Amino acid sequence: MGRYYRLSKKITDDMAEEILKEIQELQDVEKAEFVEEKTKIMVLAGEDKYPEVMTKVVNIFSRIGNDCALFFTGFVHEA
(Lines give C-alpha, C1' and ligand atoms only; values in the text may rest on other atoms or scores of the structure.)
Protein backbone atom coordinates (compact mmCIF):
# COMPACT_ATOMS: atom_id res chain seq x y z
CA MET A 1 0.00 0.00 0.00
CA GLY A 2 1.13 3.52 -0.72
CA ARG A 3 0.11 7.01 0.24
CA TYR A 4 -0.22 10.32 -1.57
CA TYR A 5 0.96 13.61 -0.10
CA ARG A 6 0.29 17.11 -1.47
CA LEU A 7 3.18 19.57 -1.49
CA SER A 8 2.63 22.90 0.27
CA LYS A 9 4.42 24.84 -2.45
CA LYS A 10 5.96 24.57 -5.90
CA ILE A 11 9.45 23.12 -6.12
CA THR A 12 11.96 23.38 -8.94
CA ASP A 13 12.94 20.48 -11.18
CA ASP A 14 16.38 20.43 -9.55
CA MET A 15 14.81 20.25 -6.09
CA ALA A 16 12.49 17.44 -7.21
CA GLU A 17 15.41 15.45 -8.60
CA GLU A 18 17.46 15.84 -5.42
CA ILE A 19 14.45 15.02 -3.19
CA LEU A 20 13.67 11.83 -5.13
CA LYS A 21 17.30 10.77 -5.08
CA GLU A 22 17.47 11.04 -1.28
CA ILE A 23 14.08 9.40 -0.71
CA GLN A 24 14.95 6.45 -2.95
CA GLU A 25 18.14 5.92 -0.95
CA LEU A 26 16.11 5.33 2.23
CA GLN A 27 16.24 1.68 3.19
CA ASP A 28 12.51 1.07 3.73
CA VAL A 29 11.13 2.98 0.72
CA GLU A 30 9.81 0.63 -1.96
CA LYS A 31 8.94 3.38 -4.46
CA ALA A 32 8.55 7.14 -4.60
CA GLU A 33 7.45 9.32 -7.50
CA PHE A 34 6.00 12.73 -8.16
CA VAL A 35 2.53 12.92 -9.72
CA GLU A 36 0.22 15.63 -11.01
CA GLU A 37 3.00 17.91 -12.27
CA LYS A 38 4.97 17.64 -9.03
CA THR A 39 2.09 18.85 -6.85
CA LYS A 40 1.93 15.45 -5.09
CA ILE A 41 4.27 12.63 -4.23
CA MET A 42 3.42 8.95 -3.91
CA VAL A 43 5.40 6.96 -1.37
CA LEU A 44 5.28 3.16 -1.06
CA ALA A 45 6.69 1.53 2.06
CA GLY A 46 5.80 -1.31 4.39
CA GLU A 47 2.83 -0.33 6.54
CA ASP A 48 4.82 -0.74 9.76
CA LYS A 49 7.61 1.46 8.36
CA TYR A 50 5.54 4.53 7.41
CA PRO A 51 6.10 6.59 10.58
CA GLU A 52 9.88 6.24 10.34
CA VAL A 53 9.97 6.68 6.54
CA MET A 54 7.71 9.72 6.49
CA THR A 55 9.62 11.45 9.28
CA LYS A 56 12.70 11.25 7.05
CA VAL A 57 10.76 12.23 3.90
CA VAL A 58 9.25 15.29 5.60
CA ASN A 59 12.72 16.38 6.71
CA ILE A 60 14.10 15.92 3.18
CA PHE A 61 11.31 18.07 1.72
CA SER A 62 11.82 20.75 4.34
CA ARG A 63 15.59 20.90 3.82
CA ILE A 64 15.80 20.67 0.03
CA GLY A 65 12.45 22.26 -0.80
CA ASN A 66 12.99 25.40 1.29
CA ASP A 67 10.47 24.50 4.01
CA CYS A 68 8.09 22.65 1.66
CA ALA A 69 5.62 20.70 3.81
CA LEU A 70 3.57 17.59 2.98
CA PHE A 71 -0.12 16.92 3.59
CA PHE A 72 -1.66 13.44 3.44
CA THR A 73 -4.29 13.19 0.69
CA GLY A 74 -5.07 9.50 0.37
CA PHE A 75 -4.10 5.88 -0.12
CA VAL A 76 -3.04 4.07 -3.27
CA HIS A 77 -2.99 0.32 -3.80
CA GLU A 78 -0.54 -1.24 -6.23
CA ALA A 79 -0.75 -4.78 -7.48
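See the structure shown above.
What you see is a predicted model, and the numbers here were worked out from it, not measured in a lab. (Residues numbered from 1 in each chain as written. Predicted model: local features only at pLDDT ≥ 70, side-chain atom pairs only at ≥ 80, totals over all residues. Heavy atoms only, no water.)

## Things to note about the sheet that holds strand β1 (residues 2–7)
With antiparallel pairing, 4 strands are arranged side by side in an open sheet as β2-β3-β1-β4. Of all the strands in the sheet, the pair left with one neighbour each is β2 (29–35) and β4 (70–76). With direction set aside, neighbouring strand axes in the sheet form an average angle of 25°. Those strands touched by helix α1 (residues 13–24) are β2 and β3 (40–45), and its axis lies near 165° from that of β2. Docked against the sheet, helix α2 (residues 50–64) engages β1, β2, β3 and β4, running at close to 150° with respect to β3. (Pairing = 2+ DSSP bridges. Helix = DSSP H or I, 4+ residues; strand = E, 2+ residues; numbered from the N terminus. Axes fitted to C-alpha atoms, helices over the stretch in contact; angles between N-to-C directions. Contact = heavy atoms within 4.5 Å.)

## A few points about the packing of aromatic side chains
The full count for this structure, using the stated rule, is 3 aromatic pairs. With 6.1 Å between their ring centres and 70° between their planes, Phe34 and Phe61 make a pair best called edge-to-face. Taken together, the positions of Phe34 in strand β2 and Phe61 in helix α2 put the pair 27 residues apart, joining distant regions of the chain. Comparing Phe34 with Phe61, the two get one shared label, buried. Seen from their ring centres, Phe72 and Phe75 are 5.1 Å apart, and the 65° between their planes marks the pair as edge-to-face. Site record: aromatic cluster; members linked through ring pairs are Tyr5, Phe72 and Phe75. It is Arg3 that lies over the ring of Tyr50; its NZ or CZ is 4.1 Å from the centre. (Phe/Tyr/Trp six-rings, centres within 6.5 Å; stacked < 30°, edge-to-face > 60°. Buried < 20%, exposed > 50% of the residue type's maximum accessible area, 1.4 Å probe, protein only. Lys NZ or Arg CZ within 6 Å of the ring centre and 35° of its normal.)

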